[in-house]
Every structure is written in C-alpha cells, then in structure tokens.
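Below, each chain spelled out in residue letters.
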Amino acid sequence: SRTAAAIAGHAALDAFAEHGEGCDAVYLACFGDPGLFPLKELAGVPVIGMAEASCKAAAVEAGRFSIATGGERWGPMLHEFVAMLGLSDSLAAVETVAPNGAAIAADPDGAIALLADACRRTAERDGARAVILGGAGLAGLAAR
C-alpha cells in the first residue's frame, strides 16, 4: 500500500542516517524502491534500487518489458514509479496476482503457477519482451 511504502521509505532514510557514514554506495533491496528518490537526494554516494535497476536493464536489453508482482495495489504504484524513471514508453504492463509479496515469499511453490500465467499473459497480450518478477521475495524464482 502507499502507506506501507511511505513507512518503508522513512525506514530506509533512517537506516542510511544511522549506518550510511563511510558507505561507498547504497543498494535499496526492496522492490518498489521505497525512499529511492529522497535517498538519491540525501546520500552523496550512488544510490540504486532493485526496481530501478531491473526496469533500466529490461528497457535496455528487451525494449518493452512488463512487471509481474503480488498485490493488486502495486499496479498503479509501479506505473507511477516507472514514469518517474522516464521509462513509461517501455512499460508494456504491470500484472498483479492476488497474493501479496509476503504471501508469495511464504509459499513460493503455491504462487509459481499464478506468476507464470501472469508472465505468459503479458508477453502474449502486451508484447512484453521481458518480464520482471517484482519483489525481493521472488528472487530466484525466474528459473522455475
């Protein structure tokens, strides 16, 4: 939700304030990159987010990409995020599945079929040449 993203963004800023001294860079390892733009403004070192990196790589490598993720609230939020990156023209779609990211991470085997269907659907319907599995809890599931 937007509320959770705002809280997470604040937590990212707090974490940097507490632990950032002496860092050479910041990697924000939470898909959706809560706090990314304020961290870039504040940090004084390079800051890259998980969603930012994957969207930029997909746009360069595939041209047209989609994002498949858990939780329907993420759809509009990710469209806005991709627009802030300047990549709206490369985004084919955001496909959300019913379980949220926490539920998928807790039972990845149960979510694989839903995610695979979402990936196939957006590739066929929207012409996505790459599909990002959006969520830190989904790391490692692409091969499956």
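Residues numbered from 1 in each chain as written. Predicted model: local features only at pLDDT ≥ 70, side-chain atom pairs only at ≥ 80, totals over all residues. Heavy atoms only, no water.

Per the secondary structure count, the protein includes 6 helices and 5 strands. Listing each helix as α and each strand as β along the protein from the N terminus yields α-β-α-β-α-β-α-β-α-α-β. Taken against the 2.2 N^0.38 rule, which gives 15 Å for 144 residues, the C-alpha radius of gyration of the protein at 15 Å falls within 12% of a compact globule. Projected onto the principal axes, the alpha-carbon positions of the protein cover approximately 45 × 30 × 25 Å. Here the protein, with 144 residues, has 40% of them falling under the buried criterion. In the protein, 63% of the contacts between residues at least 6 apart in sequence involve partners at least 24 apart. Element-wise, carbon and sulfur atoms account for 55% of the exposed surface of the protein, whose accessible area totals about 7,800 Å². Computed over 10 positive and 17 negative side-chain charges, the separation of the two mean positions in the protein equals 9 Å. (Helix = DSSP H or I, 4+ residues; strand = E, 2+ residues; numbered from the N terminus. Rg over C-alpha atoms; globule rule 2.2 N^0.38 Å. Buried < 20%, exposed > 50% of the residue type's maximum accessible area, 1.4 Å probe, protein only. Contact = heavy atoms within 4.5 Å. Areas by Shrake-Rupley, 256 points an atom, 1.4 Å probe, with all protein chains shown as cover. Lys, Arg positive; Asp, Glu negative; His and termini not counted. Charge placed at Lys NZ, Arg CZ, Asp CG, Glu CD.)

Counted at 1.5 Å a residue, the expected span for helix α3 (residues 50–62) with its 13 residues is 18 Å, and the 18 Å between its end C-alpha atoms agrees. For α3, the set of buried residues is M50, A51, E52, C55, A58, A59 and A62. (Expected span 1.5 Å × (residues − 1).)

For the rest of this paragraph, the subject is the side chain of D126. Note that D126 resides in helix α6 (residues 108–126). Residue classification places D126 among the buried positions, given a relative accessible area of 17%. The contact partners of D126, leaving out residues within four places of it in the chain, are R64, A92, A93, E95 and R121.

With 6 of 6 residues buried, strand β3 (residues 65–70) lies mostly within the body of the structure. The two faces of β3 match: F65, I67 and T69 on one face and S66, A68 and G70 on the other face are all buried. One ladder, built from 6 bridges, connects β3 with strand β4 (residues 91–97); its direction is parallel. Along β4, the bridge assignment pairs T69 with T96. Note that the unit made of β3, helix α4 (residues 74–84) and β4 has a crossover that is right-handed. Alignment of β3 against strand β5 (residues 130–134), held across 5 bridges, turns out to be parallel. Bridging across to β5, S66 finds its partner in V131. (Pairing = 2+ DSSP bridges. Right-handed = clockwise from strand over helix to strand, strands pointing away.)

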